Amino acid sequence: MKILRAWIESSNTLCLDLRTKLEFKQRHLKRSTNIPLSQLVLRQSELPPKRLPFAVIEPVNEKGCSSWLIEQGWQVPWIVWEGNLDWKELETNRWVVAEDTAAAEQQHVLFQPSPFLSNHIELLEQQDKSSWTCLDVGCGSGRDIGWLLSRNKKWRACAFDYLAGAMVRTDLVVRNLSVGEQLDVLAQVKLTNSGLWQLISNSWWNEEHNQDIQELQDSQEEIVKRLAMVELENQDKSKLYELKELLDELLSNEKKKMYESGFDLILNIRFLSRPFLLNVPELLNVGGCFVISHFVDDERYDYKQPKKSLRLKSNELKELFGGMDQMEIIKDVVEEIEDGRPVNSVIILEHILLFCKQ
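Remember, it's a predicted structure, so these values are computed and weren't measured experimentally. Just so you know, the residues in each chain are numbered from 1, in the order the chain's sequence is written. Confidence filtering applies because this is a predicted model: local features only for residues at pLDDT of at least 70, side-chain atom pairs given and counted only at 80 or more, and all residues used for totals across whole chains, interfaces and linings. Note that water and hydrogens are dropped before the side-chain values are worked out from all heavy atoms of the structure.

Asks: An account of the nonpolar core is needed here, citing residue identities and associated values.
Replies: Within the largest apolar cluster, 35 residues are counted, with the highest numbers of intra-cluster contacts made by Phe 160, Phe 276 and Phe 290. The criterion used for residue contact is that any of the two residues' heavy atoms lie within 4.5 Å. The contact partners of Phe 290, leaving out residues within four places of it in the chain, are Ile 266, Asn 268, Phe 276, Leu 277, Val 280, Leu 284, Phe 321, Val 346, Ile 347 and Ile 348. Only buried Ala, Val, Leu, Ile, Met, Phe, Trp, Tyr and Cys residues count toward a nonpolar core, and they belong to the same one when joined by side-chain atoms within 4.5 Å. Each residue's exposure class comes from its accessible area (1.4 Å probe, protein chains only) as a fraction of the maximum for that residue type: buried when under 20%, exposed when over 50%, partly exposed otherwise. By size, the runner-up hydrophobic cluster in this structure holds 29 residues, among which are Phe 116, Leu 149, Leu 265 and Val 291.

Below you can see the structure in the form of structure tokens.
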């Protein structure tokens, strides 16, 4: 308990609970986040940046399991074995959340979204609407879209990525944050050089997002098997779509209405498709924002990946969108990510409707 008290008395608010989902649901520490030990390797993208320390609760039958985290470079100065926990004392001191309390429904995240996104989120949520729609192009690990949906229930979203692994990780993030009902589309697609979209698979995506205990306790191997990409039945995968055609293919008639006018936010984090950039104006609602943060070829920095052809050129976004009457650049910075590589982060607002959207 001495180690736990040290964490509680510190200003740190990050705690990883490695017990099973059922054990966590029955009772857990305030501010803690559950990733079952059996899922830890698969869900490591949900952990904090390695520069940030956090506490760990080890299952009673898995003492010492935190060694993997340390070997991989995470800082875990507060390691608490469940066998040393005095739950009655913690309950008396009101440091436990029980299953039958309202606080049990609160979600805490260990990971951080794109700093550029989180630093400017209030700017992106200024529109006075009953709901906001978002398109995440290249959703990757699902951290940005999961964080966005969990911070405000007004958000609805469609998310795409080319990698099967991204589908698995994003699915896990949104389900474990209990925001799956806000994600209307999650599909594996390829954005071609022509700017058209190829649908690879979405047939595994279950809009019901079953939350039964057994599913949430699946081992890493079972999760990968369950979420493995499957071939689309009766689908011509050589078919190419405009984005609106693709959404018509994937959305129910009821949900199509939410997206028929366009998106209030388009996220494009560390993914680059120049043909897609040209289509952004027609995809945004008036008052909507395009947020892009991608590696830039800056002479002040020498780095190898991604290669130069996959980087933004200096001032490329400024020159492209600055010449469009209906698009206004409201933020434009070059900043470093955690490993020191430079990214050009830009927010572009659509403020005048010069054409009629179909």
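On we go.
Asks: So what about a negative patch on the surface? Which residues, and what values?
Replies: Patches here: salt-bridge-free residues with over 30% relative accessible area, like charges joined within 9 Å, nonpolar side chains (Val, Leu, Ile, Met, Phe, Trp, Tyr) joined within 5 Å. For the area figures, the Shrake-Rupley method with a 1.4 Å probe applies, and any residue is considered shielded solely by the protein chains shown. Here a salt bridge means any side-chain nitrogen of Lys or Arg lying within 4 Å of a carboxyl oxygen belonging to Asp or Glu. The positive count covers Lys and Arg only, the negative count covers Asp and Glu only, and His and the chain ends enter neither. By convention, charge coordinates are those of NZ in Lys, CZ in Arg, CG in Asp, or CD in Glu. Side chains of Glu 242, Glu 245, Asp 248, Glu 249 and Glu 282 sit close together on the surface and give a patch of like negative charge. Numbering of helices and strands starts at the N terminus; helices are DSSP runs of H or I of at least 4 residues and strands are runs of E of at least 2. Sorting elements by how many residues they give to the negative patch places helix 11 (residues 243–250) first, with three residues. Topologically, Glu 245 is positioned in helix 11. In this structure Glu 245 comes out as partly exposed when scored by relative accessible area, which is 42%.

Asks: Which residues make up the pairing of strand 12 (residues 263–269), and what are the values?
Replies: When a strand is regular, its side chains alternate between the sheet's two faces. By the criterion of burial, strand 12 is predominantly enclosed, with seven of the seven residues buried. One ladder, built from three bridges, connects strand 7 (residues 132–137) with strand 12; its direction is parallel. Bridge assignment links Leu 135 to a residue of strand 12, and that residue is Ile 266. When DSSP locates at least two bridges between a pair of strands, those strands are taken to pair. With six bridges connecting them, strand 12 and strand 13 (residues 284–297) associate as parallel partners. Pairing of Leu 267 across the sheet is with Val 291, part of strand 13. Throughout, right-handed denotes a crossover for which the path from the first strand over the helix to the second runs clockwise when the strands point away from the viewer. Following the backbone out of strand 12, through helix 13 (residues 274–283) and into the adjacent parallel strand 13, one traces a crossover that is right-handed.

Asks: Hey, could you go over the pattern of salt bridges for me, with residue numbers and the actual values?
Replies: In this structure the tally under the stated criterion is 16 salt bridges. When the shortest N-O distance is used, the salt bridge between Glu 46 and Arg 43 registers 2.9 Å. The exposure class of Glu 46 is buried, given its relative accessible area of 8%. Its relative accessible area of 2% is what places Arg 43 among the buried residues. Across the pair Asp 171 and Arg 175 runs a salt bridge, and its minimum N-O distance is 2.9 Å. With Asp 171 and Arg 175 both in helix 8 (residues 164–176) and four residues apart, this pair spans about one turn of that helix.

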